[in-house]
Amino acid sequence: MKAVITSIVIAIILALIFSLPALAQESGIITITMTGVNEISISLDKTQWPLGEVAADTECMTSPPIEWCTLTVEGNCNVNTFIVGEDAEWVDNAEYKWTLSNDGANGENVYGLWFRISGDTTRGPLGDGYVPITKTQGEFWPYSGGSGSSLAPGNTKQFGLKLLTPTYFVGGRQMQTQITISAVTA
Amino acid sequence: MIRHIKLAGLIAALLVILLPSFTLAQDVNFSVFPAEVHIDSLPPGEAAEFELSIHNKEEIAHNFTIAAFQPPEEERREERVEFPDDSWISFSSQEIEVAANSEANVTVTVAIPREQKWVGEDWETWLGVTVESSDLLAVKLYVRLLVSSNPTVEGRFNAGLIAGIVVGIILLGYGGYCYFRRKARPE
């Protein structure tokens, strides 16, 4: 009987010696860090652009052209900002739409959208400061090849929009679209 | 007759695009906290949770939506690679209504499958918070989510290891018993 007890005690001790390191590893710590007290926020002082009736193959610009809307960094961290557009849909039936061009050009039921930031005079494919808004999220500010840096809390950027209507579209239909301006910590 | 046709053509040409024309514009002002989250040493097979706080700074309630977004490579932090699967990220609620001048929290859970190939990785993804709006211009705020997986696959309840220990104790005990019994046997 004594042999049985001694054997079991030795076995347990040996098993623990080899298993403890492995067991200890299982209580690894998962660290979640919320960087500082960073709060992200941007605001726009304008969110609507009622155009009314427009003709085909026409360029429409906000007024004023490049200081129409002001983006302000409201949070307490530096941000990089982006812009993305989408197809315009008929409010009565989303099956009819104007496709957003991927280069700012227009076509049949294809429309172009552009933005220009105040102070940008040479940016964009035409070198006139206007940059196409596409369905792929693109840089708003700062941008590759530019000298600007990320926006700090309190910084502002003024910009305007330009719409190029399709060369042909079905008339009398109220169309609606959305442009999203986004921000992420720099 | 020709004049009538021309007039009809002109009317057709004046086509309508009425980008949202509500007379009462509602600016949207909200913030998200924290702006950046680091999860370190997350073992494959385990999950980590944190809370995102959405602060609606407007005088009316708004609905917010939350979704993961894969940032382009050039926007990711250095040495961070694309997060493999958005389905590893879940939200307590992907749509939430936040009352005027109030805050609401959303619990975010990140769970990595228990597979050897996910060890020792440094990923980045973004969590986008958008306010529902029909206005032409909308705002989206991204939270940078940086996840690093543990260098080894581990589990809180390693059934295989526990079973191995039990079997080891039994075998060692039996071996010891046999040894002592043989030793105690009179020659």
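This is a predicted model, so every value here is computed, not measured.

(A) Representation of the overall build of chain A. If you tally the helices and strands in chain A, you get one helix and 14 strands. By sequence separation, contacts in chain A at least 24 residues apart represent 75% of the contacts at least 6 residues apart.

(B) Just the overall build of chain B, in detail. Looking only at helices and strands, chain B has two helices and eleven strands in total. Its helices and strands in sequence order give chain B the pattern α-β-β-β-β-β-β-β-β-β-β-β-α, from N to C terminus. Within chain B, buried positions represent 28% of all 187 residues.

(C) Inspection of the sheet that holds strand β9 (residues 102-111) of chain B at higher detail. All names here are of chain B. With antiparallel pairing, the four strands of this open sheet are ordered in space as β2-β4-β9-β7. Sheet topology places β2 (30-33) and β7 (89-91) at the edges, where each strand pairs with a single neighbour. For this sheet, the mean inter-axis angle between neighbouring strands, taken without regard to orientation, is 25°.

(D) Representation of the confidence of the model for chain B within the structure. All names here are of chain B. Residues of chain B with pLDDT of at least 70 account for 77%, and the chain-wide mean is 82. Counting contacts from residues 1-16, a segment whose pLDDT is below 50, to residues more than four positions away or on other chains yields 17 contacts. Confidence over residues 18-25 falls short of pLDDT 50; this stretch has 20 contacts with residues more than four positions distant or in other chains. With a pTM of 0.79, the predicted complex shows an ipTM of 0.83.

(E) Representation of the pairing of strand β4 (residues 47-56) of chain B within the structure. Residues and elements named next belong to chain B. The pairing of β2 with β4 spans four bridges and is classified as antiparallel. Across the sheet, residue V32 finds its bridge partner in β4, namely I54. As defined by bridge partners, β4 adjoins β9 across ten bridges and the pair is classed as antiparallel. Each bridged residue has a counterpart across the sheet, and for S53 the counterpart in β9 is N105.

(F) Spatial organisation of the nonpolar core. Within the largest apolar cluster, 69 residues are counted, with the highest numbers of intra-cluster contacts made by A:V79, A:Y111, A:L113, B:V32, B:I54, B:L127 and B:V143. At seven residues, the largest contribution of residues to this core is made by strand β11 (residues 137-149) of chain B. The contact partners of A:L113, leaving out residues within four places of it in the chain, are A:G85, A:L100, A:P132, A:I133, A:L161, A:L163 and A:I179.

(G) Structural context of the environment of A:G160. All names here are of chain A. Its place among the elements puts G160 in strand β12 (residues 156-164). G160 sits in the buried class, given 21 other C-beta atoms within 10 Å. A C-alpha to C-alpha distance of 26 Å links G160 and G171, two positions eleven residues apart in sequence. When near neighbours in sequence (up to four residues on either side) are disregarded, G160 contacts M61, T62, P64, P65, I66, E67, W68 and R116.

Reading guide: rules and limits
Residues numbered from 1 in each chain as written. Chains lettered and ligands numbered in written order. Predicted model: local features only at pLDDT ≥ 70, side-chain atom pairs only at ≥ 80, totals over all residues. Helix = DSSP H or I, 4+ residues; strand = E, 2+ residues; numbered from the N terminus. Contact = placed C-beta atoms within 7 Å. Buried ≥ 20, exposed ≤ 12 C-beta atoms within 10 Å, placed from the backbone. Pairing = 2+ DSSP bridges. Axes fitted to C-alpha atoms, helices over the stretch in contact; angles between N-to-C directions. pLDDT = per-residue confidence, 0-100. Core = buried A, V, L, I, M, F, W, Y, C linked by C-beta atoms within 7 Å.

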